[in-house]
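# Examination of the molecular architecture
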Amino acid sequence: MAQNENRFSWKLKDVLMVAILGVLFSFLYLGTVYLGMAITTALTPLGWGQAGYEPFYGILFMAASLTVFIIQKPGTGIVAEVIAAILEVLMGNWFGPGVILTGLIQGAAVELVFLATRYRRFDMQTMILSAVSVGVLSFLYHFWESQFYLYPLHISLVMLVVRTISSVIFTGVIATLIGRGLAKTGILKSYPLGQQLAGAESLEVDG
Amino acid sequence: MKTMESINPVFKMGAVLLSAVILTFNHAVILNLLVFAAGMVLILFFSRAEKRRLLKFLLPIGLIITALFITGYKNAEQTLLASFATGTHGLGGLASMSPVYTGLQLSTRVLAYVGLGLLFSLTTPAEDMVLSMMHQLRVKPKFAYGILAAFHLVPNIARELEDAKFAYKVRGISCGPFALQPFFAAMVNCIRWSENLAMAMESKGFDGDGKRTYARILSVRPADIIILIAVPLLVLLGTLFLKY
Amino acid sequence: MAEPALEARGLSFRYLEQNRKNVLEDVCIRFPAGKITILMGSSGCGKSTLAALLAGLYPENGGIVTGGERRLFGRLMEDYTIPQRAQAVSMMFQNADLQFCMETLRQELTFCLENISCPPEEMAARATRAAAELGMEDLLDRPFTTLSGGEKQKAALCCIFLLGAKAILLDEPFANIDPFWAARIAQMLKALNRQYGTAIIVIDHMLDHWLDAFDEIQILLGDGQVCSGITRENLGDYQSLFQAEGLRWPYGATPAHTPGAGEKPPAIILEGLTLSAGKGRHQKEGHPLLLQGAKALFRKGEMTALMGPSGCGKTTLFRALLGQQAYGGSIRIGGRECKKIPQKELFREIGIVFQNPSNQFITQNVLQEAACGLQGRMVKKEALAGTELEKQAIALLEEFNLHRFRKYSPYMLSQGQQRRLAVLSILAGKQGILLLDEPTYGQDDAMTREIMGLLRRKVEEEGLTVLFSTHDARLAAEWADTCYVFSGKELCREDHGIHQPGV
Ligand SMILES: Nc1ncnc2c1ncn2[C@@H]1O[C@H](COP(=O)(O)OP(=O)(O)OP(=O)(O)O)[C@@H](O)[C@H]1O
Ligand SMILES: Nc1ncnc2c1ncn2[C@@H]1O[C@H](COP(=O)(O)OP(=O)(O)OP(=O)(O)O)[C@@H](O)[C@H]1O
Ligand SMILES: [Mg+2]
Ligand SMILES: [Mg+2]
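What you see is a predicted model; the values in this text were computed from it and never measured. (Residues numbered from 1 in each chain as written. Chains lettered and ligands numbered in written order. Predicted model: local features only at pLDDT ≥ 70, side-chain atom pairs only at ≥ 80, totals over all residues.)

To continue, consider the overall build of chain B. Scanning chain B from terminus to terminus reveals nine helices and zero strands. Reading chain B from its N terminus to its C terminus gives the helix and strand order α-α-α-α-α-α-α-α-α. Counting every position in chain B, which comprises 244 residues, the buried fraction comes to 49%. The long-range share in chain B, meaning contacts at least 24 apart out of those at least 6 apart in sequence, stands at 77%. (Helix = DSSP H or I, 4+ residues; strand = E, 2+ residues; numbered from the N terminus. Buried ≥ 20, exposed ≤ 12 C-beta atoms within 10 Å, placed from the backbone. Contact = placed C-beta atoms within 7 Å.)

In structure tokens, the structure reads:
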């Protein structure tokens, strides 16, 4: 039964869910990168070009958080995020293979919070915490990787704040809502989230 | 070597990824262009890839690199953007270059990535990739076939979305082009498929870890090893010795 | 007698912990080895659930067993590894859309052969042979997404035959398959059973194809009771039970429907219609023609049945009527050329029930789905409580025996229930022309009558035009005013399509 299932062994259904979410989100990610590109170009004359991606950054962590929210097993979020990143690179993300490493870091940052709860607590609060974690940590990584420190500090600070807010909205709140919505449809019945939520109220109606 | 398809996929991917990693340290426009050109030549003349598909990928990318060129051109003095968009260190010297050159650097790097990416994805059937992952990398069938099944979903995603939108339209329920409900409905159908798939595969006797025979076994030939070493090496040499 | 092939002892199961009732309660059932057993039961009584449990797929992939045990050839289900289990039993699912993991039939068959460790050099020949037996050799390399409903089911059957398990579970295998092939496949299964002693368990609402093949019928009653021991000899004693459970009695002529007197005005006229295979609003080169110069006339205030072998183009014709498919010649709807009618207007005029109901749902709640159908626009779930609309929707659900599930999501319904919900939400709409792609498959007799009766009522009272496709000649004879059969790329009118042509 769901409760005493081994949390470290992946079943076929887990692999399939991870892979399929990775695939679905790779499309969304690529779309996001295009959108960010457009906004960057628009903001550039104002000197804020590099901030163009920030409002949507949260979207880029959603595969990790949604997957781990559904399957609730260690590593699922990381793998989903990396699969999404690899596909993105193969479909033509102009940031190149570096994106795969970024994906790995983002996935890990999302799972950090769940690791702290030993993969026991999956609710809106932990989801939002993990969103903050990934927002901040991924920014620190970019701060180093893309040399943000060469530029005025206030720009970086604004970027950090915008990214974290975006992450809370998309990776935290929206991913949780999507997960719950999916669970309510009953299609997640073989995953922990589906068992946890779909029957929260009794479904049968007498008469 | 007859065609690109005959290279062992894992080795091909290794060569492509290594080359791409090396390219992140490259500043030379010429090398970028060379890599792209080599990719195109190999796809066009040494593979069975459909030329129409190549075109379909190249058209939007043409737009993107034009945009990138303009971005780079306009913001040559803004190194931050440049290094951000290329995702690398050490481009500090960029600002001193001419705007045209900065634009070219940005856009041709993308071309090089695209050339490598397409070279791999257009000449490697998903089935071969998965077989090679099992045979050369010893990936468990559970993971290999899980990923393969997900790949098979790709062409269906657009169709599912179309079907979902059609379901709304046909019921006379209007939803704008950006309405989220059809997206959710399509997602539900995709995930439902994945959930049932595990059952379908198991009832067909699929055992994720165990023994199975293979209709085809992809082997490694000396040429594959040479390619894995030689291609990244060439790119590395280019990076070291090409200045512009 | 020896160990039964499949057995459940006191088995209880529920899908979700918080469900109020178990779906299966203390079920004891045994399917003997070496026999052909038909499992019947009203729609939604838990047949598919039981089958998935006995195939070892649940609770691993969903749901909770709250009691009892399952045995496969005498051994506990839990003692089997997956490959061992697959050698003992394989199952064909009710929904043909959800059971392929590869892109084409050839790949899928090869996948099956690899799973059972077939020597590589034999694979190609065995795969081709398996496909040829079911007349699928031309479809071996076509993506599954382009196959028709019946072709997908035949593809699934190919896999089952190829796997050669000791017990085979088939969940409504013929729901979308034409009678010619259904009879033929039933014969093949019988031969398999006689030759190798394969235990065959079939869930089916129609006994027609099994009458000279089955050894036993078992009926799953609502409350976990099982009625077993029905054989060909004593079948006659059970007519009243069949009636009480709403199951279709295989004997006796159905009263043929007599069309009302007087010519009704035409609603849809097809003239010189040419249709080619393949989805799309643009004619594609090289695709085979399904219809060529076809003529037909569908009248207002009548029900017309469309029949023909699997893959003949029924679904494609429906798509054309909805303006989703390129065609040559002319389709006139209410006097206007279909191509020229703007989409919005067309959809106000025509409603459709798709062959696969899950493509149809636009909400995540049964009640809301019905309410949206009634209202013809999106209705919020919260806004429904206590309104007149809610009452109407519940009344409608009650007619189709779905009211108990009004808090469910449509995806939690059984296949038959999903189909009914899809039909119901279209019936509730205000369109004057309804297209129904196999409206009654997966339904027991009682529900079939309910659906068709409601349609008939609407046709007579509101002058609707109804066009439905079906493989069930008896259904067509009983309910349709007119019947068209696809034959030789044309539509032939048959007054009462009792004789469905072969291939
Ligand atoms: N892209 C394609 N290329 C060639 N043939 C195709 C393509 N797409 C569909 N077809 C064929 O068109 C035929 C018509 O399909 P359709 O779904 O209309 O059949 P149908 O009459 O509804 O059958 P069923 O009763 O099995 O549902 C099928 O034989 C199908 O294989
Ligand atoms: N995923 C699910 N979650 C909750 N309840 C479900 C789920 N799937 C099925 N059910 C319920 O379990 C009951 C039995 O379903 P099942 O699919 O076994 O019926 P069935 O006898 O096969 O019916 P049909 O003849 O219509 O296919 C139904 O009442 C259905 O509402
Ligand atoms: Mg069923
Ligand atoms: Mg059809």
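Next up on the list: the domain arrangement of chain C. Residues and elements named next belong to chain C. Looking at the assigned domains, one finds that chain C contains domain 1 (4-244) and domain 2 (302-318 + 344-494). Just the C-alpha atoms count here: the centres of domain 1 and domain 2 sit 27 Å apart. In this assembly, 20 residues from domain 1 lie in contact with 19 residues from domain 2. Elements represented by at least two residues in the side of domain 1 that touches domain 2 include exactly helix 5 (149-163) and helix 6 (179-196). For the side of domain 1 that touches domain 2, the residue count by class is five nonpolar, eleven polar and four charged. (Domains from an automatic or database assignment. Nonpolar A, V, L, I, M, F, W, Y, C, P; charged D, E, K, R; others polar.)

Inspection of the region around ligand 2 gives 22 residues, with Tyr15(C), Ser48(C), Thr49(C), Ser414(C) and Gly416(C) positioned closest. With respect to ligand 2, its neighbouring residues span chains A and C. Contributions of two or more residues to the shell around ligand 2 are made by helix 1 (47-54) and helix 12 (415-427) of chain C. Broken down by class, the residue content of the shell around ligand 2 amounts to seven nonpolar, 13 polar and two charged. In this structure, the shell around ligand 2 is formed jointly by two domains, domain 1 (4-244) and domain 2 (302-318 + 344-494) of chain C, each of which donates at least three residues. (Near = placed C-beta within 6 Å.)

On to unusual backbone geometry, then. With omega at 0°, the peptide bond leading from Tyr58(C) into Pro59(C) counts as cis. Tracing the chain through its elements places Pro59(C) in the loop between helix 1 and strand 4 (64-72). Residues other than glycine seldom take positive phi values, yet Arg118(A) does so here, at roughly 50°. Within the element layout of this structure, Arg118(A) appears in the loop between helix 4 (98-116) and helix 5 (124-145). Despite not being glycine, Glu438(C) shows a phi value in the positive range, around 55°.

Attention now moves to the sheet that holds strand 4 of chain C. Residue and element names in this part refer to chain C. The four strands lie next to each other as 2-1-4-5, forming an open sheet whose pairing is antiparallel. Of all strands in the sheet, those bounded by a partner on one side alone are strand 2 (24-32) and strand 5 (75-76). Taken together, the seven bridges between strand 1 (residues 4-14) and strand 4 define a ladder with antiparallel strand orientation. Looking across to strand 4, one finds that leucine 6 is bridged to leucine 72. Here helix 1 sits on the sheet and contacts strand 1, strand 2 and strand 4; the angle it forms with strand 1, its principal contact strand, is near 120°. (Pairing = 2+ DSSP bridges. Axes fitted to C-alpha atoms, helices over the stretch in contact; angles between N-to-C directions.)

Take the packing of helix 3 (residues 76-91) of chain A against helix 4 of chain A next. All names here are of chain A. Between helix 3 and helix 4, whose axes approach to 8 Å, the crossing angle comes to 160°. By the angle between their directions, the pair helix 3 and helix 4 is classed as roughly antiparallel. Two packed elements cross with a definite hand, and for helix 3 against helix 4 that hand is right-handed. Within the contact between the two elements, helix 3 uses Gly77, Ile78, Glu81, Val82, Ala84, Ala85, Ile86, Glu88 and Val89 and helix 4 uses Val99, Ile100, Thr102, Gly103, Leu104, Gln106, Gly107, Ala108, Val110 and Glu111. Considering only residue class, the contact of helix 3 with helix 4 consists of eleven nonpolar, five polar and three charged. (Parallel < 35°, antiparallel > 145°, perpendicular 65-115°, else oblique. Left-handed = near helix turned anticlockwise from the far one by under 90°.)

Ranked by size, the top nonpolar core spans 283 residues in total, and within it Leu16(A), Ile20(A), Leu109(C), Cys158(C), Ala167(C) and Leu169(C) carry the most contacts. Residue contacts for Leu16(A): discarding those within four places in its chain leaves Gly146(B), Ala149(B), Ala150(B), Ser194(B), Leu197(B) and Ala198(B). (Core = buried A, V, L, I, M, F, W, Y, C linked by C-beta atoms within 7 Å.)

Once that is clear, we can look at the confidence of the model for chain C. Residue and element names in this part refer to chain C. Here chain C shows a mean pLDDT of 90. Residues at 70 or above account for 96%. Looking over chain C, one finds the lowest element-wise mean pLDDT in helix 9 (residues 343-349), namely 89, and the highest in strand 8 (residues 199-203), namely 97. Between residues 497-503, whose pLDDT stays under 50, and residues either more than four places distant or in other chains, the model counts 18 contacts. Scored by ipTM, the complex comes to 0.89, with pTM at 0.90. (pLDDT = per-residue confidence, 0-100.)

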